[in-house]
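# Structural features, examined
One letter stands for each residue in the lines below.
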Amino acid sequence: MKVTVVGGGIMGLCAARALLKLGATVTVLDQGPLPNPLGASVDHTRALRSAYGGNTGYMRMARDARAAWRRVWSDIGADLLVETGLLVLSDGSGTWSPASRHALAAAGVPVEDIAPADLAARYPMLQAAAVADAFHVGDGGVLLAARIVEGLLGWLEANGANVHARTPVVAIDPDHAAVEVDSQGHGRWQIDADSLIVAAGPWTAKLLPALGGVARPSRQVTVYAEPPLELARAWASAPLIVMDSGSVGLYVVPPVAGYGLKFGDHRFSLAGDPDDDRTPRDGDARAVVAPAASLLRDFKRYRLGEARPCFYDVEPEERFVVAPLDGAQRSWVMTGFSGHGFKFGPLLGDMLAEAVAGRLDGAALTAWAQGFDGDA
Ligand SMILES: Cc1cc2nc3c(=O)[nH]c(=O)nc-3n(C[C@H](O)[C@H](O)[C@H](O)COP(=O)(O)OP(=O)(O)OC[C@H]3O[C@@H](n4cnc5c(N)ncnc54)[C@H](O)[C@@H]3O)c2cc1C
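What comes next concerns the included structure. (Residues numbered from 1 in each chain as written. Predicted model: local features only at pLDDT ≥ 70, side-chain atom pairs only at ≥ 80, totals over all residues. Heavy atoms only, no water.)

### Looking at the site of the ligand
Our working rule: Consider each residue's heavy atoms; a residue with any of them within 4 Å of a molecule or strand counts as near. For the purposes of these results, a polar contact is taken to be a pair of N or O atoms within 3.5 Å, where, inside protein, one atom must be able to donate a hydrogen and its partner to accept one; residues adjacent in sequence count only when each atom of the pair is a side-chain atom. Residue-level accessible areas treat just the shown protein chains as cover; the underlying method is Shrake-Rupley with a 1.4 Å probe. Put simply, DSSP marks the helices as runs of H or I at least four residues long and the strands as runs of E at least two long, and each gets a number from the N terminus on. In the scheme used here, Gly and all other residues not listed as nonpolar or charged are polar, with Ala, Val, Leu, Ile, Met, Phe, Trp, Tyr, Cys and Pro taken as nonpolar and Asp, Glu, Lys and Arg as charged. Boundary definitions for the domains trace back to an automatic or database domain assignment.
As a matter of local geometry, the ligand sits amid 35 residues, with Asp30, Asn36, Ala40, Ser41 and Ala47 nearest to it. Between the ligand and the protein, one listed contact pairs an oxygen atom with a backbone N or O atom of His340 at 3.3 Å. Within the backbone of Lys343, one N or O atom sits 2.9 Å away from an oxygen atom of the ligand. Burial of the ligand by the surrounding chains reaches 97%, relative to a free accessible area of 1,000 Å². Broken down by secondary-structure element, the contributors of at least two residues to the shell around the ligand are helix H1 (10–21), strand S3 (46–49) and strand S18 (303–314). With 3 residues, the top contributor of residues to the shell around the ligand is S18. Looking at side-chain class alone, the shell around the ligand contains 19 nonpolar, 13 polar and 3 charged residues. Three or more residues apiece are contributed to the shell around the ligand by two domains, here domain 1 (2–45 + 146–214 + 317–369) and domain 2 (83–141 + 215–314).

### Focus on the nonpolar core
In plain terms, the rule: Definition used in this section: a nonpolar core is a set of buried Ala, Val, Leu, Ile, Met, Phe, Trp, Tyr and Cys residues joined via side-chain atoms within 4.5 Å. Burial classification: accessible surface area is computed with a 1.4 Å probe over protein chains only, and a residue below 20% of its type maximum counts as buried, one above 50% as exposed, and the rest as partly exposed. Any two residues whose heavy atoms approach within 4.5 Å are treated as being in contact.
Membership of the largest hydrophobic core comes to 71 residues, with the highest contact counts inside it found for Ile197, Met334 and Leu348. Of all the elements, helix H2 (residues 56–76) adds the most residues to this core, at 10 residues. Each of domain 1 (2–45 + 146–214 + 317–369) and domain 2 (83–141 + 215–314) accounts for three or more of the residues forming this core. If we skip the residues at most four places from it in the chain, Leu348 touches Met11, Met61, Phe320, Val322, Met334, Phe337, Trp368 and Ala369.

### Observations concerning unusual backbone geometry
In this model, Leu34 is joined to Pro35 through a cis peptide bond whose omega is -5°. With respect to the secondary-structure elements, Pro35 resides in the loop between strand S2 (25–29) and S3. You will see that Ala257, though not glycine, has its phi angle at about 50°, which is positive. Position of Ala257 among the secondary structure elements: in the loop between strand S16 (248–253) and strand S17 (261–265). Since its relative accessible area comes to 47%, Ala257 is described here as partly exposed. One non-glycine residue, Glu318, lies in the positive phi region at around 60°. The topology assignment puts Glu318 in the loop between S18 and strand S19 (321–324).

### Brief notes about the sheet that holds strand S10 (residues 169–173)
What counts is decided by this rule: Here, strands pair whenever DSSP counts at least two bridges between them. For helices, the fitted axis covers only the stretch in contact; all axes are lines through C-alpha atoms, and the angles between them, taken along N-to-C directions, range from 0 to 180 degrees.
The 3 strands lie next to each other as S10-S11-S12, forming an open sheet whose pairing is antiparallel. If you trace the sheet from one side to the other, it starts and ends with S10 and strand S12 (187–191), each paired once. Within this sheet the neighbouring strands show an average axis-to-axis angle of 15°, counted without direction. Across 4 bridges, the pairing between S10 and strand S11 (residues 178–183) is antiparallel. By the bridge assignment, Ala171 is partnered in S11 with Glu180.

### A short note on helix H7 (residues 229–236)
Put simply, the rule is: By arc we mean the arc of the directions from the helix axis to the C-beta atoms, nothing more.
Among the residues making up H7, those that are buried are Leu231, Ala234 and Trp235. Viewed along the axis of H7, the buried residues span an arc of 100°, placing them on a single side of the element. Residues of H7 that are exposed and point more than 90 degrees away from the buried face comprise Leu229, Arg233 and Ala236. Against strand S15 (240–244), S16 and S17 lie the buried residues of H7.

### Regarding the environment of Glu226
Here Glu226 is to be found in strand S14 (residues 216–226). On the accessibility criterion, Glu226 (45% relative accessible area) is partly exposed. Put simply, Glu226 and Ala67 are 159 residues apart on the chain and 33 Å apart in space, counted from C-alpha to C-alpha. Ignoring anything within four residues of it in the chain, the contact list for Glu226 reads Arg301, Tyr302 and Arg303.

### Comments concerning the sheet that holds strand S9 (residues 162–164)
An order of S9-S2-S1-S13-S20-S19 is seen for the 6 strands of this open sheet, with the pairing classed as mixed. The open sheet terminates on both sides in strands that have one partner only, identified here as S9 and S19. Looking at each pair of strands side by side, their axes are set apart by 15° on average, direction ignored. In the sheet, strand S13 (residues 195–198) pairs with strand S20 (residues 331–335) via 3 bridges, with the strands oriented parallel. What sits directly across from Ile197, in S20, is Trp332. Contacts from helix H10 (residues 345–356) reach S13, S19 and S20, with the element oriented near 165° to S20. Most of the contacts of helix H11 (residues 362–369) go to S19, to which it runs at about 170°, and overall it touches S19 and S20.

### Topic: the packing of aromatic side chains
Stated formally: Aromatic pairs are defined between Phe, Tyr and Trp rings, using the six-membered ring for Trp, whenever the two ring centres lie within 6.5 Å; interplanar angles under 30 degrees are classed as stacked, those over 60 as edge-to-face, and all others as tilted.
For the structure on display, the rule yields 11 aromatic pairs. When the ring of Trp69 is compared with that of Phe342, the centres are 5.9 Å apart and the planes differ by 15°; the resulting orientation is stacked. Highlighted residues: Trp69 in helix H2 and Phe342 in the loop between S20 and H10, separated in sequence by 273 residues. Phe342 sits in the buried class, given a relative accessible area of 7%. With 4.9 Å between their ring centres and 55° between their planes, Phe320 and Phe337 make a pair best called tilted. Note that Phe320 is positioned in the loop between S18 and S19 and Phe337 in the loop between S20 and H10, a separation of 17 residues in sequence. On the basis of relative accessible area, Phe320 is assigned to the buried category, the value being 0%. With relative accessibility at 8%, the residue Phe337 sits in the buried group.

Written out as structure tokens, the structure reads:
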């Protein structure tokens, strides 16, 4: 079986790995260098958590995702998940935090409630005034994303995949699993295969305009920061932190493995184009860290690094789209990862490979990837 994969981000690479393991001949095409620093997958760190509000489908998938990562570690010869645990804070106005607590406890995950008055003693970088409710779960960690992408690329190349950077796909024919590529300087040509996977991240709607409504690019900003020296020790053993203030906005990835403390905002801008200039704008960093000012002690003494604008693709309900593109199920799309897909890359890749090989029904795959497990 010959398979073409468009996109060398975490989704394309994980699908390529799973298909190679099933014995397929795999070609990966990316428009940029590989790893592509403009892709959604390439940053130092990505969060792994199973707290998912009331969405028990993704909660369960996140737990299954851990087993899929362990298989990746065994392939690439490195364990690139740093276990930190997860601290969920809430100002009391949202439903995400109580729903997460309830779903995790019902699934048997030990949940430790922390009285706001006790927060600062346990986490000296926090101040409790803005927090009405808090809990901790051990199930949370930081994936070393850039190193994972590099590791997967190395594994694919060592195991016989044809990986082509700087090879933009300019047209696709889902019915024939064919793509037309434009290799700068060498003209255009067509690549035929038995199956095709389009995993083009925030560029998806450029290749598949019909998906424009379900895969909207969204400019998102993260900011790295250096805490004051006396808080560095507390941060070194800190958990991932998520703040529910009506909806999940601020998240904080603690410094791990030599990478910095990172602030992000899960609220979607739904604006911009992934080909836009990535220079940060005035106010970018301030907008992301604003909620941290009331949450973190001495926040004005943190040294903020440059804001880093990046793009991901958003589905209106934050549900993933892993679906056939044609009636005969020769071509597939992976999109709509809505800022929370990285942790699922290997699991999604494994499941899609099963469908490409004809061992899993396309409709069942699509429903599972949307996070519907019957009670979500
Ligand atoms: C700021 C930020 C924070 C995030 N935080 C988390 C988190 O904490 N936890 C989590 O689980 N997830 C997180 N995510 C989401 C996660 O990173 C994404 O869901 C995931 O990386 C998407 O991977 P992808 O392979 O679909 O897309 P990408 O990594 O963007 O890969 C798509 C690739 O396709 C290529 N491509 C596009 N068009 C073409 C074409 N025409 N021809 C050839 N190649 C093409 C691109 O060059 C690119 O390399 C975050 C994302 C961002 C941006």
